[in-house]
Amino acid sequence: MLQLTRAQESRAAIEKIYIEMRHLFNRGFYKPFGVSGREVNEALLALRPEIYGSINDAKKVELEGLVYVIDRLPKGIEECRFIKFISEEGYGSSFPVIVPLKRRRNCYRIDQEQMFMEITRGRSEIYDSLTHLTFLYNEAEKIRRRALNDKGQFSREWLQLEALVTKQTEEQSKEVAFTYLSTLLGRTFEETKRAWQRLAENPHTNNGLFHIVYWMGKLSIEEFLHGKDREISFSPALRERIGHHIYGERWAANIKRSLFENQLIHRPLHIISSNPHSVLNCLYAYAALPKHFNGMSLEAIALELSKPENKDLRQEIEFFAEQNGVSFLHEHGGANIPVQIFDTTFLLKLKLHPEITINPNYIQEHKPVILVMDYAFGEQAYETMDELLKPYASPSGNIKLNVASISIMGKAGILEGEKGDLMIPTSHVFEGTADNYPLDNEFTKADFEGYGLRVFEGSMITVLGTSLQNKDILSYFKNSSWKAIGLEMEGAHYQKAIQAAAKIRKNINKDVILRYAYYASDNPLVTGNTLASGSLGVIGIKPTYLITAKILDKIINRKAE
């Protein structure tokens, strides 16, 4: 009998997870510990994703994975037995909006037991959330098993945690509390304290480690002892709307309307998918506050502006930019992708940072417009780019956008190297299919050499979900003839939309200039260096601003043709 490799087994597990999730979505509801829910959980355990660390160790609660998941789910979700995924259905007018720290998603606490999560970014968002919830329930079972002994009696550590969280006892020292908690979690004192500290950095978006662990265990115990089942469901409106580009179409129409009304729609358009601050800061921070930033590099300026206490400086820059050719489209149509539109002719009268070079003759002759869109999420990249590249339906007829270039700057997991290093793709390969998208990337490895960062060039894998990867799969992609240098979630989706618009639909120039560059947010092949280990922090500033400056150089410093 043919023996499958671990990579093949893992690939089958991922496929099973997605098939089961799609089935559950179409069905409309499921119980995490019903038959179907257990199928998803068992497939996740068989996969053993790197980001969830010790998920398969029945004696240890995975803490780094827990922090990662809590940052991406709404505050208070650990208290809710019922979780419902909804479309944009009007709850925002009646309930306070809860937004997770690391996901742009509106959520609503309906009552003590029920949380609604609004999905407007496509199936990737559903799969991402369901994977995190599956992990959360799996770890809750570990807590329940350590809280109850074989005789059904509660452990001393659980009773101490309950007393602490419900304020039934005098507050103990944190060291004593960490001791009880670490025993309950099967982790060291140091590991427990570190997880607590990471969650404590953002008290407005989570309830803290003690509270979270207690409620995870409490709901698991209540289901085990009293049959109070937890349930996940999907609203009829969500099931009806998903996949129909409702939010992307609305988002793109708003952008093209703004271009039309500001008489920019016929000008050369340079689309950039990136974070919403780097282009703005490169072009306007120094011009807005020359005395404050005198003598500072772009990287130093970015570091200064990233500090929470400098909110006033960021607001000054935005105000200055609005007075000098920038329009801010704060998206309210559900796509959750803010947009900035730059009329580059205004740059001619500004004193730009010395690291930003401009060709005034080119700007005067061609009058390029830069459109910066914030990051899409997974397959939402196809929806948004597909809709954006369609002609604008003006009152006098359809107008094709004059798209001169499309630049994608993204974060990605790297397979050789470390956080902050750069990846320049030559193609995107869609995980689990034969779909592949070779591309003529204007960026090359040589563009980024000599700046103190390692640069890798080759194919990149567009994965179904970053939380569903393990070393076996990633090693296969790296070491096989695919020779992949990294993984991310949007590249193939973007390229699919661009190729369709350029080569088939003829909505944009077939020779549109493409630029893709990624910086490494993690290396999932290195233990302790996954996304769950923590954010990039200041490490990400240098590659972000280097890529941004290179994109801008290609746009505003071109030779007049």
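First things first, this report covers the structure right here in the doc.

Cut-off values and rules
- Residues numbered from 1 in each chain as written.
- Predicted model: local features only at pLDDT ≥ 70, side-chain atom pairs only at ≥ 80, totals over all residues.
- Heavy atoms only, no water.
- Helix = DSSP H or I, 4+ residues; strand = E, 2+ residues; numbered from the N terminus.
- Rg over C-alpha atoms; globule rule 2.2 N^0.38 Å.
- Buried < 20%, exposed > 50% of the residue type's maximum accessible area, 1.4 Å probe, protein only.
- Contact = heavy atoms within 4.5 Å.
- Core = buried A, V, L, I, M, F, W, Y, C linked by side-chain atoms within 4.5 Å.
- Pairing = 2+ DSSP bridges.
- Right-handed = clockwise from strand over helix to strand, strands pointing away.
- Salt bridge = Lys/Arg side-chain N within 4 Å of Asp/Glu carboxyl O.
- Lys, Arg positive; Asp, Glu negative; His and termini not counted.
- Patch = residues over 30% accessible without salt bridge, like charges linked within 9 Å, V, L, I, M, F, W, Y side chains within 5 Å.
- Areas by Shrake-Rupley, 256 points an atom, 1.4 Å probe, with all protein chains shown as cover.
- Polar contact = N/O pair within 3.5 Å; in protein donor to acceptor, adjacent residues only side chain to side chain.
- Phe/Tyr/Trp six-rings, centres within 6.5 Å; stacked < 30°, edge-to-face > 60°.
- Expected span 1.5 Å × (residues − 1).
- Arc of directions from axis to C-beta.

**Here we look at the overall build of the chain**
At step 1: For the chain, the count of helices and strands is 18 helices and 17 strands.
At step 2: A compact globule built from 561 residues should have a C-alpha radius of gyration of about 24 Å, and the chain, at 25 Å, falls within 12% of that.
At step 3: In terms of principal-axis extent, the alpha carbons of the chain reach across some 80 × 60 × 50 Å.
At step 4: Expressed as a percentage of its 561 residues, the buried residues of the chain come to 57%.
At step 5: Put simply, of all contacts in the chain between residues at least 6 apart along the chain, 78% involve residues at least 24 apart.

**Brief notes about the nonpolar core**
At step 1: Counting 82 residues, the largest nonpolar core has Phe85, Leu161, Ile232 and Phe234 as the members making the most contacts within it.
At step 2: When residues of this core are assigned to their parent elements, the largest contribution, 10 residues, is made by helix α4 (residues 123-147).
At step 3: For Phe85, the residues in contact, after removing those within four places along its chain, are Met117, Ile119, Ser129, Leu130, Leu133, Ile232, Ser233, Phe234, Ser235 and Leu238.
At step 4: By size, the runner-up hydrophobic cluster in this structure holds 48 residues, among which are Leu283, Ala288, Leu453 and Leu546.

**Observations regarding the environment of Phe260**
At step 1: Relative to the assigned elements, Phe260 resides in helix α10 (residues 246-261).
At step 2: As a C-alpha pair, Phe260 and Ile399 span 139 residues in sequence and 9.3 Å in three-dimensional space.
At step 3: Ignoring sequence-local partners within four residues, the contact set of Phe260 consists of Ile265, Tyr392, Ser394, Pro395 and Ile399.

**A few points about the pairing of strand β15 (residues 455-462)**
At step 1: In terms of burial, β15 is largely enclosed, as seven of its eight residues are buried.
At step 2: The pairing of strand β13 (residues 422-430) with β15 spans eight bridges and is parallel. For Met423, the partnering residue across the bridge sits in β15 and is Phe456.
At step 3: Two strands pair when backbone bridges link them, and β15 and strand β16 (residues 484-488) are joined in this way by four bridges, in the parallel orientation. In the strand pairing of β16, Ser459 is matched with Ala484.
At step 4: With helix α16 (residues 471-479) bridging β15 and the parallel β16, this β-α-β connection has right-handed handedness.

**Concerning the sheet that holds strand β3 (residues 107-111)**
At step 1: Read from one edge to the other, the open sheet built from five strands follows the order β1-β5-β2-β4-β3, with strand pairing classed as mixed. Whereas interior strands pair on both sides, the edge strands pair on one side only; in this sheet they are β1 (29-30) and β3.
At step 2: Pairing between strand β2 (residues 82-86) and strand β5 (residues 231-234): four bridges, direction parallel. For Phe82, the partnering residue across the bridge sits in β5 and is Glu231.

**What to know about the pattern of salt bridges**
At step 1: With the rule as written, the count across this model stands at 27 salt bridges.
At step 2: When the shortest N-O distance is used, the salt bridge between Lys218 and Glu222 registers 3.2 Å. Linking Lys218 with Glu222, this pair stays in helix α8 (residues 209-226), spanning four residues, or about one helical turn.
At step 3: Here Lys218 falls in the partly exposed class, since its relative accessible area comes to 22%.
At step 4: A salt bridge links Arg230 to Glu223; the shortest N-O distance between them is 2.7 Å. Here Arg230 matches Glu223 in class, with each residue buried.

**Concerning unusual backbone geometry**
At step 1: Unusually for a residue other than glycine, Lys367 sits at a positive phi of about 50°.
At step 2: Following the sequence through the fold, Lys367 ends up in the loop between α14 (360-366) and β9 (369-373).

**Things to note about the side chain of Glu490**
At step 1: Among the secondary structure elements, Glu490 is positioned in the loop between β16 and α17 (491-504).
At step 2: For Glu490, which is buried and forms no salt bridge, the nearest opposite charge comes from Arg121, at a distance of 7.2 Å.
At step 3: For Glu490, the contacting residues outside a window of four places in its chain are Ala376, Phe377, Gly378, Ala381 and Thr462.

**Observations concerning a nonpolar patch on the surface**
At step 1: On the surface, a cluster of nonpolar side chains totalling about 370 Å² of accessible area is made up of Phe154, Leu159, Phe224 and Leu225.
At step 2: With respect to the element layout, Phe154 can be found in the loop between α4 and α5 (156-165).

**Some details on helix α3 (residues 63-70)**
In an α-helix there are 3.6 residues to a turn, and that puts residues three or four apart on one side.
At step 1: Burial analysis of α3 places seven of its eight residues in the buried class, the great majority of the element.
At step 2: Considered for burial, the residues of α3 that qualify are Leu63, Gly65, Leu66, Val67, Tyr68, Val69 and Ile70.
At step 3: Packed against the buried residues of α3 are α4, α6 (174-185), α7 (189-200) and α8.
At step 4: Capping of α3 at its N-terminal end is provided by Glu62; its side-chain oxygen lies 3.2 Å from the backbone amide nitrogen of Glu64.

**Some remarks on the packing of aromatic side chains**
At step 1: For the structure shown, the criterion picks out 17 aromatic pairs.
At step 2: Centroid distance Tyr284 to Phe342: 6.1 Å. Interplanar angle 35°. Geometry classified as tilted. Of this pair, Tyr284 sits in helix α11 (residues 278-288) while Phe342 sits in strand β8 (residues 339-343); the two residues are 58 residues apart in sequence, bridging distant segments of the chain. Here Tyr284 and Phe342 have matching classes, each one buried.

**Describing helix α13 (residues 311-323)**
At step 1: Taking 1.5 Å as the rise per residue, α13 with 13 residues should run 18 Å; its terminal C-alpha atoms sit 19 Å apart, in good agreement.
At step 2: When we look at burial in α13, the residues that qualify are Leu313, Ile317 and Ala321. End-on, the buried residues of α13 take up no more than an arc of 75°, which puts them together on one face. Set apart from the buried face of α13 by more than 90 degrees, the exposed residues are Asp312 and Phe319.
At step 3: For α13, the secondary structure elements touched by its buried residues are α11, α12 (298-305) and β7 (326-329).

**Section: the environment of Ser297**
At step 1: Its location among the elements puts Ser297 in the loop between α11 and α12.
At step 2: Ser297 gets classed as partly exposed once you look at its relative accessible area, which sits at 30%.
At step 3: Expressed as a C-alpha distance, the spacing of Ser297 and Pro354, which sit 57 residues apart in the sequence, is 8.5 Å.
At step 4: If we ignore the near neighbours within four places in the chain, the residues touching Ser297 are His353 and Glu355.
At step 5: Looking at Ser297, its side chain comes within polar contact range of the main-chain nitrogen of Ala300, at 3.0 Å.

By themselves, these observations are geometric and do not establish any function.
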